[in-house]
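# Examining the three-dimensional arrangement
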Amino acid sequence: IILILASIPYMTSCAKEAEPAAKQVLIRMTTPVPAGDEFVTWAQEGMDKFNARTNGAYKMQMFPGGQLGPFPESLDAIRTGAIEGGMIPLAAFGGTVPEFGLVELPFLFNNGEANAYAMPKIKDVWNELLQAKCNQRTLGCIFVGTLNFLSTKKHLKTLEDLKGLIVGCDAPPMTELVKALGGSGVVVDFTEDYSNLQKGVIDAKTSAPQYIFIAKLYEVAKYYTIFHGIGTLYSFDINLDVYNKMPQNIKDALNEEMSATAKSISQKYVTKFYDLVPELTKLGLQYYYLPTAERDRWKQMAYPGTLATLEKSGDVGAKIKKIAEEANSKYPYTQK
């Protein structure tokens, strides 16, 4: 799990948004992200703006670290209304709705900038899927970083460096990427990353800079190869029945604030990638940015599988491909 984010002006006055409520409606938001993580803090700040606009009629509150139940059950819990909403990575539920996994296919996006730019349009696609299959809707899609290779022995500079390498991954899409590049990808529990790298259980790990910093992985693995192989996304979801019961002005406030929050957090993660470079460098992490020509070699090995998966996914796959192509044309991969 990756732990790994402008807001819009308030309306003329809170009083015009909603009259004071006799009984407050609580919207509990579940997330696997642990308490204290800045992702949770940023999300709650956006929810608090919505709360203020309702004049006390509604209260969105984050319950981090799976307090409301196990993460694997969260999508279904929101569907049934057992939990009102959540901030969850929908791609993790690709077994339930295969199309959710399309946004985290290998080399779909050139970099974090392209990923973040695509989020509003990805939201439209996910919203249709959620309403049709999961009795919920998304209020905003959030880019939370790209996954790259953190290695214990050396930088992975060429395809040849990946041959026979055992790489720990957080999800099946990345294992397929590693396999296409000549390595051996295995899904591992991210909470064991430090010990797995330290003991040599894995040679490398797919990880984003913010998690390397939080988990202190730089202490046991020094070589970080940047190639923006897979982007990672979260979604603000809400149960459809809960949403449909809201007055229109409350719906408007909810959509406006959470969309703005998602956009703001996405940009924070784009910026954070670069802001962490000097800090992690001081801590001993050695960065290597894959040259464009070599990245093209890697992409040639894995991207055909991405295209095939998108094609098999019909209209949804075509929409995702078009969104990605537009974002990539605006933000080409650069070695920096």
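Note that the structure is predicted; figures quoted are calculated from it, not measured. (Residues numbered from 1 in each chain as written. Predicted model: local features only at pLDDT ≥ 70, side-chain atom pairs only at ≥ 80, totals over all residues. Heavy atoms only, no water.)

### Details of unusual backbone geometry
- The residue Asn 55 is not glycine, and still its phi comes out positive at about 60°.
- Tracing the backbone through its elements, the reader meets Asn 55 in the loop between α2 (38-53) and β2 (58-63).
- When its relative accessible area of 30% is taken as the criterion, Asn 55 is described as partly exposed.
- For His 228, which is not glycine, the phi torsion reads 55° and is therefore positive.
- On the basis of relative accessible area, His 228 is assigned to the buried category, the value being 8%. (Helix = DSSP H or I, 4+ residues; strand = E, 2+ residues; numbered from the N terminus. Buried < 20%, exposed > 50% of the residue type's maximum accessible area, 1.4 Å probe, protein only.)

### Description of the environment of Val 178
- Inspection of the secondary structure puts Val 178 in helix α6 (residues 172-180).
- Taking relative accessible area as the criterion, Val 178 reaches 0% and is therefore assigned buried.
- Expressed as a C-alpha distance, the spacing of Val 178 and Leu 162, which sit 16 residues apart in the sequence, is 8.1 Å.
- Discounting residues that sit within four places of it in the chain, Val 178 has contacts with Phe 149, Val 167, Cys 169, Gly 183, Ser 184 and Gly 185. (Contact = heavy atoms within 4.5 Å.)

### Quick look at the confidence of the model for the protein
- Scored by pLDDT, the protein comes out at a mean of 92, with 93% of its residues at no less than 70.
- Across residues 1-17, where pLDDT falls below 50, the model places 52 contacts with residues more than four positions away in sequence or in other chains. (pLDDT = per-residue confidence, 0-100.)

### Thoughts on the environment of Ser 207
- Relative to the helices and strands, Ser 207 is located in strand β7 (residues 204-207).
- According to the relative accessible area criterion, Ser 207 is buried, its value standing at 1%.
- C-alpha of Ser 207 to C-alpha of Thr 225: the two residues are 18 residues apart in sequence and 10 Å apart in space.
- Setting aside residues up to four positions removed in sequence, Ser 207 forms contacts with Thr 146, Leu 147, Asn 148, Ile 212, Leu 217 and Tyr 224.

### Looking at α6
- Looking at α6, one finds that the buried residues are Met 174, Thr 175, Leu 177 and Val 178. Buried residues of α6 fall within an arc of 160° about the axis and therefore sit on the same side. Within α6, the exposed residues directed more than 90 degrees away from the buried face are Pro 172, Glu 176 and Lys 179.
- Where the residues of α6 are buried, they touch β4 (136-151), β5 (166-169), β6 (184-187), β7, β8 (223-239) and α11 (292-312).
- Immediately downstream of α6, the backbone of Gly 182 shows phi near 105°, a positive value. (Arc of directions from axis to C-beta.)

### Observations concerning the pattern of salt bridges
- This model, assessed by the stated rule, comprises 15 salt bridges.
- Of the charged contacts, one joins Lys 272 and Glu 38 as a salt bridge, the two residues approaching to 2.7 Å between their closest N and O atoms. Taken together, the residues Lys 272 in helix α10 (residues 248-282) and Glu 38 in helix α2 connect sequence positions 234 residues apart.
- Residue classification places Lys 272 among the buried positions, given a relative accessible area of 18%.
- Taking the shortest distance from any N to any O, the salt bridge between Arg 297 and Glu 160 comes out at 3.1 Å. On the criterion of sequence distance, the pair formed by Arg 297 in helix α11 and Glu 160 in helix α5 (residues 159-162) is long-range, its members being 137 residues apart.
- Residues joined in a network through salt bridges with shared partners are Arg 53, Glu 256 and Glu 257. (Salt bridge = Lys/Arg side-chain N within 4 Å of Asp/Glu carboxyl O.)

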